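Now for the letters of each chain:
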Amino acid sequence: MPPDVLADRLKSGLLSFPVTHFDDALEFDEARYREHLAWQSGFDVAGLFAAGGTGEVFSLTPAEVDRVVRVAVDEVAGAVPVVAPATGGTASSAAQARAAQEAGASGVLLFPPYLTEAGPRGLVEHITAVCRATDLGVVVYSRANAVLSDAVVAEAADRNPNLIGLKDGVGDIERMTRTYARVGDRLVHIGGLPTAETSALPLLQLGVSTYSSALFNFLPEFALEFYAAVRAQDRTAVYRMLADFVIPYLDIRDRERGYAVSIVKAGLTAAGRDGGRVRPPLSDLTADELAELTALVGKVA
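Residues numbered from 1 in each chain as written. Predicted model: local features only at pLDDT ≥ 70, side-chain atom pairs only at ≥ 80, totals over all residues. Heavy atoms only, no water.

- The protein carries the name Probable 5-dehydro-4-deoxyglucarate dehydratase in an unreviewed UniProt entry, which gives Saccharothrix longispora as its organism.
- Looking at the protein in UniProt, the text filed under Sequence similarities (unreviewed entry) is "Belongs to the DapA family."
- A UniProt comment under Pathway (unreviewed entry) is attached to the protein, and it reads "Carbohydrate acid metabolism; D-glucarate degradation; 2,5-dioxopentanoate from D-glucarate: step 2/2." (UniProt positions renumbered as here; feature names shortened; annotations may be inferred.)

Rendered as structure tokens:
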């Protein structure tokens, strides 16, 4: 998929970040993953980000990332664009970008470089190296040790025609305002905060036209209804859904670090679709928390 076509597709609707299923031995469970993708791709979503943050990319080996991406591409069979991850240092990220193209993915989500901090020049070079490793469209994820200033984003966009998007995982209003004022619609601006529904309405005013919905994993109809309300700027509907489900959900999510991913798999289980366990270093919800979540999901499912 040409980068400009992918950009238009991603900004046209809600984005899915599916979990990666594991069996009881915490090995990749291809059958359950395929079943999940088939279900997810049957709804009206604009892109499917395989092995993303919600998909526990940080707990997958490079070989597993490649397998997960290839399974996703095969399973959705062009029904939804598949965006693959690029993680680790610059050389590893570039290698994963090349592997994504070979696997038939439609684009690449570039995560922050592993462990080390970097200055603006280094971050521009990191983004550029990955963009030049592939013909695919690249979305760069601003968070953690790679929080991108407006100047970095602008320079990276100028140097790399196939840099098509910026996913923000920080929520710094001034930084986002500066960035949109500088690059405008040259990039697709994607909301990437945990449980992105919480900030979706106010960030719409900053040019963030879409976001990564973890809730779509287990409540796709609710997630799409919420997205439609955001796009229509229906404040009454948005805040009703926040009060009825999202905020009580956040109360469970915030009880332990890493629960932003764990609660999504638990949500699948609560919805009767068996999300399974997370891999260490994440921890699963307790039995009491799962029961609480199941009751909450039952109110909106």
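Topic: the side chain of histidine 21
- With respect to the helices and strands, the residue histidine 21 is situated in the loop between strand S1 (15-16) and helix H2 (30-40).
- Contacts of histidine 21, omitting those with residues within four sequence positions, involve Glu27, Phe28, Asp29, Arg32, Tyr33, His36, Lys265, Leu268, Asp274 and Gly275. (Helix = DSSP H or I, 4+ residues; strand = E, 2+ residues; numbered from the N terminus. Contact = heavy atoms within 4.5 Å.)

Some details on the nonpolar core
- Core analysis: the biggest nonpolar cluster contains 99 residues, and Ile127, Leu163, Phe218, Phe226, Phe245, Tyr249 and Leu293 have the highest contact counts within it.
- When residues in this core are grouped by element, the largest group, 9 residues, is from helix H10 (residues 235-253).
- Residues in contact with leucine 163, not counting those within four places in the same chain, are Ile127, Cys131, Val138, Val140, Ala156, Ala157, Arg186 and Leu187.
- Met176, Leu193, Leu203 and Val208 belong to the second largest nonpolar core, which has 5 residues in total. (Core = buried A, V, L, I, M, F, W, Y, C linked by side-chain atoms within 4.5 Å. Buried < 20%, exposed > 50% of the residue type's maximum accessible area, 1.4 Å probe, protein only.)

Observations regarding the pairing of strand S6 (residues 163-168)
- In terms of residue burial, S6 counts as a mostly covered element, since 6 of its 6 residues are buried.
- For strand S5 (residues 137-142) and S6, the ladder comprises 5 bridges, and the chain directions are parallel. From the neighbouring strand, valine 138 faces S6, where its bridge partner is leucine 163.
- This β-α-β element, S5 to helix H6 (residues 150-159) to S6, shows right-handed connectivity.
- Sheet topology places S6 next to strand S7 (residues 188-191); 4 bridges connect them, and they run parallel. The residue bridging lysine 167 from the neighbouring strand is isoleucine 190, located in S7. (Pairing = 2+ DSSP bridges. Right-handed = clockwise from strand over helix to strand, strands pointing away.)

Overview of the pairing of S5
- Counting buried positions over the 6 residues of S5 gives 6, a clear majority of the element.
- In this structure, strand S4 (residues 107-110) lies alongside S5, joined through 4 bridges in parallel fashion. Among the inter-strand pairings, glycine 107 is bridged to a residue of S5, identified as glycine 137.
- You can see the chain leave S4, run along helix H5 (residues 120-131) and come back into S5, and the turn it takes is right-handed.

Looking at the packing of aromatic side chains
- Tallying each qualifying case throughout the model produces 10 aromatic pairs.
- Plain terms: the ring middles of phenylalanine 28 and tyrosine 33 are 5.4 Å apart, the flat faces sit at 65° to each other, and that makes the pair edge-to-face.
- Cluster of aromatic residues (ring-pair linked, three or more members): Phe218, Phe222, Phe226, Phe245 and Tyr249.
- Here the basic side chain of arginine 273 rests over the ring of tryptophan 39, its NZ or CZ set 3.8 Å away from the ring centre.
- Above the ring of phenylalanine 22, the side-chain terminus of arginine 279 is found at 4.4 Å from the ring centroid. (Phe/Tyr/Trp six-rings, centres within 6.5 Å; stacked < 30°, edge-to-face > 60°. Lys NZ or Arg CZ within 6 Å of the ring centre and 35° of its normal.)

Examining the sheet that holds S7
- The 8 strands lie next to each other as S1-S2-S3-S4-S5-S6-S7-S8, forming a closed barrel whose pairing is parallel.
- Here S1 pairs with strand S2 (residues 47-49) via 2 bridges, running parallel. Across the sheet, the residue bridging to leucine 15 is glycine 47, located in S2.
- Where helix H3 (residues 62-76) meets the sheet, it contacts S2 and strand S3 (82-86), and its direction lies at approximately 175° from that of S3. (Axes fitted to C-alpha atoms, helices over the stretch in contact; angles between N-to-C directions.)

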